[in-house]
Structures are given as C-alpha cells and as structure tokens.
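Take a look at the letters that make up each chain.
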Amino acid sequence: MKIVIVGGVAGGMSAATRLRRLMEDAEIIVFEQGPYVSFANCGLPYFVSGEIKQRTQLLVQTPASLQARFNLDVRPNSTVTKILPAQRQLVVQTPTGAHTETYDKLILAPGAKPFMPAITGLAAAENVFSLRSIPDLDQIMAALKQPVQQVVVVGAGFIGLEMAENLRQRGLAVTVVEQAPHVLPPLDEEMAAFVQNELQRHGVKVITGQSVVRFAQQGKQLKLADGRQLATDLTLLAVGIRPNSDLAAAAGIKLGLRGGIIVDENYQTSAADIYAVGDAILVKQQLTGEPALISLASPANRQGRQVADVIAGQPRQNRGSISTAIVRTFSLTAAATGLSERAVRQAKLPFAVVHVSGNDHASYYPGATELTLKLIFEPQTGRIYGAQGVGTNGVDKRIDVLATAIKGQLTIFDLPELELTYAPPFGVAKDPVNMLGYVALNVSEGVSRTVQWHELPAQLQAGKVLLDVRTAAEVQAGHFQQAVHIPLNELRQRLSELDPNQAYIVSCHSGLRSYIAERLLRQNGFQVENLDGAYALYQIVRPQAIVKN
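From a predicted model like this one, the values you see are computed outputs, not experimental measurements.

As for its position among the elements, Ala15 is in helix H1 (residues 9-22). Under the relative-accessibility criterion, Ala15 is labelled buried at 0%. It is 15 Å that separates the C-alpha atoms of Ala15 and Pro63, two residues lying 48 residues apart in sequence. For Ala15, the contacting residues outside a window of four places in its chain are Ile5, Ile107, Gly304, Arg305, Val307 and Ala308.

Below you can see the structure in the form of structure tokens.
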C-alpha cells in the first residue's frame with residue numbers, strides 16, 4: 001500500500017511513524033511545504049528570550065533520521081498544489097519543478113495558518129510578523145538584531161502572551177492589544193484578571209477592548225479603534241489561526257465551521273480514501289456534541305496515531321476533544337479544560353459555578369503558594385462542564401486531574417472521592433480538587449447558596465447587606481466599600497446586631513469562613529448567601545470597588 005501524507009509536525013509525523021510500526025511493507029511518503037518536517041512549534045516563543053538556548057533544540061527529527069529509523073520518504077520544501085481524487089493523484093511543486101504523485105491512501109495534515117486581518121497599511125508594513133514555524137522565528141530573530149525598543153503584540157491568547165513574556169524578558173518595552181474585553185479570552189473574566197495583573201506587574205502595558213485599524217510609516221506606527229496611536233519597532237500579530245484547508249476545498253472536499261475539514265469518526269473526509277487530522281479538521285466538542293476547531297498539540301498527535309490505526313485496519317474512533325490548555329505568564333500559570341462559563345451560557349446549559357482558593361502544598365511546609373480553581377457544572381446531575389485554574393505552582397496538576405475527570409465522565413459527586421498523592425512538600429490532605437467537589441456538593445444539595453462576583457453589585461443595589469467576617473487586621477488592610485464587619489469568631493455572640501428581616505451576603509477572604517458563617521446564620525433563622533470566591537477573588541476582578549489602606 002502506498003500512503004501519502006501532506007504535512008508533517010504533530011499530526012502528520014505521528015501518523016507516519018505509527019503506520020510504519022503497524023505496516024512494515026507500506027510505502028510512506030511525507031510532503032512538507034517548509035524546510036522542517038518535525039519541530040517543536042510550541043517551544044518557539046522560548047527561543048526568543050533565550051530560555052531555550054539552541055535553535056537545534058527545536059528540531060525534533062530530520063528527514064535523514066526519519067529515514068534511518070522508520071524508512072520514511074520525507075520530502076521537505078515540497079508543496080502539494082492540487083489533489084485529483086478521481087485519479088488518486090497529487091501535483092507537487094518542488095524547488096526543481098512540478099510532478100505528480102499517486103496514492104492509495106492520502107492523509108491531509110496541513111495544520112493551520114495565522115489569521116491575517118484586513119488592516120489598512122498591513123501590506124506595506126515591514127516590521128509585522130506572525131509566529132507559526134521555524135522560518136517565522138528566524139525572521140523575528142533577524143528583526144530583533146536591529147535597534148528594537150518598543151514592541152506591540154496584537155492578540156492576548158496563548159501565543160500572544162507567551163511572546164509578550166519572552167519579548168519582555170529580552171528587556172523590551174511590550175504593549176499587548178486585545179480586542180476582547182480581557183486577556184486570554186478562553187478563560188473567564190475573573191480568572192483572566194489574575195493574568196492581566198501579572199503582565200502589568202512585570203511592566204507589560206495591557207490594552208483591552210481595542211483593535212488595530214491602521215498601520216502607518218511602514219508599520220512603525222499603528223492606530224487603535226479609539227484613535228490612540230502606538231509607536232512600534234516590531235509588531236507580532238497573534239490574533240488567531242485558521243484551518244489550512246484551501247487545498248482540500250479545491251479538491252471538492254467538504255468543509256464546515258470556519259473552513260475546517262469535515263471528517264467522520266474514522267477521520268475520513270468526504271472524498272474516498274482521503275483522511276485528515278490536526279488543526280485543519282473539525283472535531284466534536286465532547287461536552288456539547290457540536291463541531292469545533294480545537295488546535296492543540298495533544299489532540300493532533302492522538303489523531304495522527306488513530307488515523308494510522310484506521311488505515312492499518314485497527315478499530316479506532318475519533319471521540320472528539322474537550323480542549324485542555326495551559327500557559328505560563330512570568331511567575332503565573334493559567335490553565336483551562338472543557339467549557340468556560342461563557343461557553344456554557346452560550347450553549348444555554350443549566351449550570352452553577354464555584355471557586356476555591358488553596359495552597360499547592362501544605363502551608364506549613366516552606367514555599368507554599370496560593371492557587372485559585374473554578375469549576376463549572378450542572379447542579380442536578382453533577383456533570384462537570386469545565387474548570388480553570390491560576391496560580392504560581394500546582395495548577396497543571398489540578399487541571400490535569402479535572403480534565404481526566406471530565407474525559408472519564410466523573411461528576412462533582414466523585415471529586416471528593418479522588419485519592420490524590422499527599423505529603424507536605426507535594427500537596428495537602430484535602431486537595432483543592434477535593435475541595436471543589438465538597439463546595440460543589442454543598443451548592444448542589446442546597447447546603448450553601450452562593451452569589452457570584454458579577455452578581456454582587458446588583459444584589460446590594462436590591463437591598464441585601466454584605467457581611468464581612470474577616471479579622472479586624474484583614475479589614476484594615478483592605479475592605480469592601482460598603483459592608484458590615486463582624487469577625488467570624490465573634491459572630492455567635494453578636495447575632496443581636498443583625499436584623500433577622502434583612503437578607504445578607506457573607507464574605508471572608510476565600511469563602512471558607514464565610515461558609516461557616518452562612519451555616520451559622522441560616523440555622524439561626526437568617527436569610528443568607530455566601531459570596532463565591534469572596535474577597536480574594538473580588539479584589540482581583542473589581543479592584544476599583546475595594547478600599548485599600
């Protein structure tokens with residue numbers, strides 16, 4: 001059997017190597033339009049700062065090494081310009097000319113390409129770059145050898161933030177411009193606020209709710225939608241990617257959402273014996289059942305392996321993806337899995353939300369740092385829709401556990417039962433993931449009633465009173481603009497100071513003490529709710545509503 005693969009890197013090379021392990025006698029050809037068929041594209045930003053020191057560290061495999069180990073015929077600098085499905089042929093353009101190539105099975109793994117918005121003056125800009133490949137990186141590094149002081153990163157998604165961090169680590173003045181209301185749009189607003197604070201703490205200027213509408217002076221100046229003008233020596237466009245599906249479309253292969261290639265559960269396209277994997281395809285979002293573009297390395301590698309299994313006759317199905325991602329921004333880690341609260345709202349699913357703050361390991365063991373987790377779930381069935389986390393350490397571990405829980409169809413009722421590793425240097429006896437389960441369980445069973453951070457102003461406007469049960473020292477350091485203060489340890493003795501006919505919202509630092517206060521007050525006949533996430537979350541997302549002393 002002759003199998004031709006269009007595109008290397010994650011999906012294409014995973015398919016090629018798996019095919020060889022299953023089919024020693026197959027002829028396997030890989031066409032890659034660029035000079036590098038297997039490289040660490042997720043590591044590219046870290047070479048910019050020098051954190052990854054050698055460019056060669058980014059090159060995972062070469063055509064020679066793949067030929068030696070797997071007997072693969074890998075052909076870089078070879079662009080497939082046309083697919084002829086009826087003839088089972090390809091037209092391939094190489095530096096020496098064009099030729100046709102036949103196939104028995106064809107795998108398309110063309111990946112995605114940076115989205116280049118239609119901005120006036122962009123075509124004439126000489127200092128605007130995107131980052132998707134080694135040649136892209138080479139261009140950026142060459143530009144950085146020139147006198148560069150001011151850098152603008154357009155787009156505050158994962159790549160944009162990684163580039164902002166690494167350019168700042170080079171000592172450059174960095175401004176991030178994001179059209180969405182907050183940085184890192186895959187996260188919800190309150191979780192992304194931690195990331196924005198971290199960017200600003202390290203000297204990165206952040207502009208949200210704005211887009212670039214014009215480049216001038218060959219890219220040295222850009223204009224925002226509100227009229228502001230920014231000087232820039234180098235601009236990185238990181239405003240998203242689009243499926244690289246033009247080749248498939250020209251061959252009559254059916255496309256779907258935003259040009260993604262439609263495939264079935266076996267990665268088969270609408271054309272016979274043509275398969276597709278990776279960033280170019282539409283997958284099923286497992287939590288909604290809807291088609292989605294999920295451009296991540298882990299799913300692409302899995303898809304490459306699975307399509308090889310299918311071609312080799314192994315029963316394997318594409319189950320879809322839930323989208324799990326992580327980013328480091330200086331000292332902070334932010335990660336998410338599944339659906340955001342915004343996505344759940346858009347899907348009109350019934351949901352509830354809880355936030356939990358805790359330490360990555362035992363507080364009495366040196367080096368403990370705080371992390372904040374968010375869980376989105378269906379309160380009746382306990383189905384977990386998604387989770388997000390921010391913190392210095394331990395976020396990856398918790399989100400990985402929660403991603404596994406979602407994939408394994410565990411519910412909030414299962415989270416308290418998870419037996420996770422514990423010793424003082426590594427964790428806590430009641431892990432933050434367990435605590436998410438306990439808190440969600442309380443909400444689901446009506447033991448606790450919560451108010452979300454974004455609901456607080458309207459609730460207070462409607463006449464409810466905020467009761468702060470933190471200590472006097474905590475309140476002295478910072479407090480809500482309008483709140484009654486009774487420390488938790490004095491609450492039982494001071495119940496007479498509260499009006500039984502008044503509805504209260506109780507808060508502490510993280511939500512634990514306010515939960516205790518909620519239970520105490522409710523059992524004494526008071527109408528009370530707990531501010532989810534409490535002061536710790538509210539001061540991050542709404543600092544203007546906090547009085548600092």
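From this point, things continue past the structure.
In this section: the nonpolar core. With 59 residues, the main nonpolar core has Leu144 and Leu167 as its most contacted residues. Once you skip the residues sitting within four places of it in the chain, Leu167 turns out to touch Val48, Leu144, Val151, Val153, Leu172 and Val174.

Turning next to unusual backbone geometry. The bulk of non-glycine residues show a negative phi, and the bulk of peptide bonds are trans. You will see that Val9, though not glycine, has its phi angle at about 55°, which is positive. Mapped onto the fold, Val9 is located in helix H1. Of note in the backbone geometry, Gln217 takes a positive phi value of approximately 55° without being a glycine. Following the sequence through the fold, Gln217 ends up in the loop between strand E15 (212-216) and strand E16 (221-224).

Let us now look at the sheet that holds strand E33 (residues 527-531). In spatial order, the strands read E28-E33-E32-E29-E31; together these 5 strands make up an open sheet with parallel pairing. The sheet is open, and its two borders are formed by strand E28 (450-451) and strand E31 (484-485), each paired with just one other strand.

Let's shift gears to the sheet that holds strand E25 (residues 352-359). With antiparallel pairing, 5 strands are arranged side by side in an open sheet as E23-E24-E27-E26-E25. Bordering the open sheet on either side are strand E23 (324-329) and E25, each of which pairs with just one other strand. Each strand axis lies, on average, 10° off the axis of its neighbour in the sheet, ignoring direction.

So, about the environment of Arg170. Among the secondary structure elements, Arg170 is positioned in the loop between helix H5 (158-169) and strand E13 (173-178). Arg170 sits 121 residues away from Ser49 along the chain, and the two C-alpha atoms are 5.5 Å apart. A polar contact is formed between the side chain of Arg170 and the backbone oxygen of Val48, at a distance of 2.9 Å.

Right, let's get into the packing of aromatic side chains. Applying the stated criterion across every chain, the model contains 3 aromatic pairs. Look at Phe480 and Tyr535: their rings are 5.5 Å apart centre to centre, the planes differ by 85°, and that puts the pair in the edge-to-face class. Remark: Tyr535 occurs in helix H15 (residues 534-541) and Phe480 occurs in strand E30 (residues 478-480); sequence separation between them is 55 residues. Grouping residues by exposure puts Phe480 and Tyr535 together as buried. Judged by centre distance (6.3 Å) and plane angle (65°), the rings of Tyr504 and Phe526 are edge-to-face. Here the residue Tyr504 occupies a position in strand E32 (residues 503-507), and Phe526 occupies one in the loop between helix H14 (512-522) and E33, the gap between them amounting to 22 residues. Exposure remark for Tyr504: the relative accessible area of 5% places this residue in the buried category. Classification of Phe526 as buried rests on a relative accessible area of 9%.

Cut-off values and rules
Residues numbered from 1 in each chain as written. Predicted model: local features only at pLDDT ≥ 70, side-chain atom pairs only at ≥ 80, totals over all residues. Heavy atoms only, no water. Helix = DSSP H or I, 4+ residues; strand = E, 2+ residues; numbered from the N terminus. Buried < 20%, exposed > 50% of the residue type's maximum accessible area, 1.4 Å probe, protein only. Contact = heavy atoms within 4.5 Å. Core = buried A, V, L, I, M, F, W, Y, C linked by side-chain atoms within 4.5 Å. Pairing = 2+ DSSP bridges. Axes fitted to C-alpha atoms, helices over the stretch in contact; angles between N-to-C directions. Polar contact = N/O pair within 3.5 Å; in protein donor to acceptor, adjacent residues only side chain to side chain. Phe/Tyr/Trp six-rings, centres within 6.5 Å; stacked < 30°, edge-to-face > 60°.

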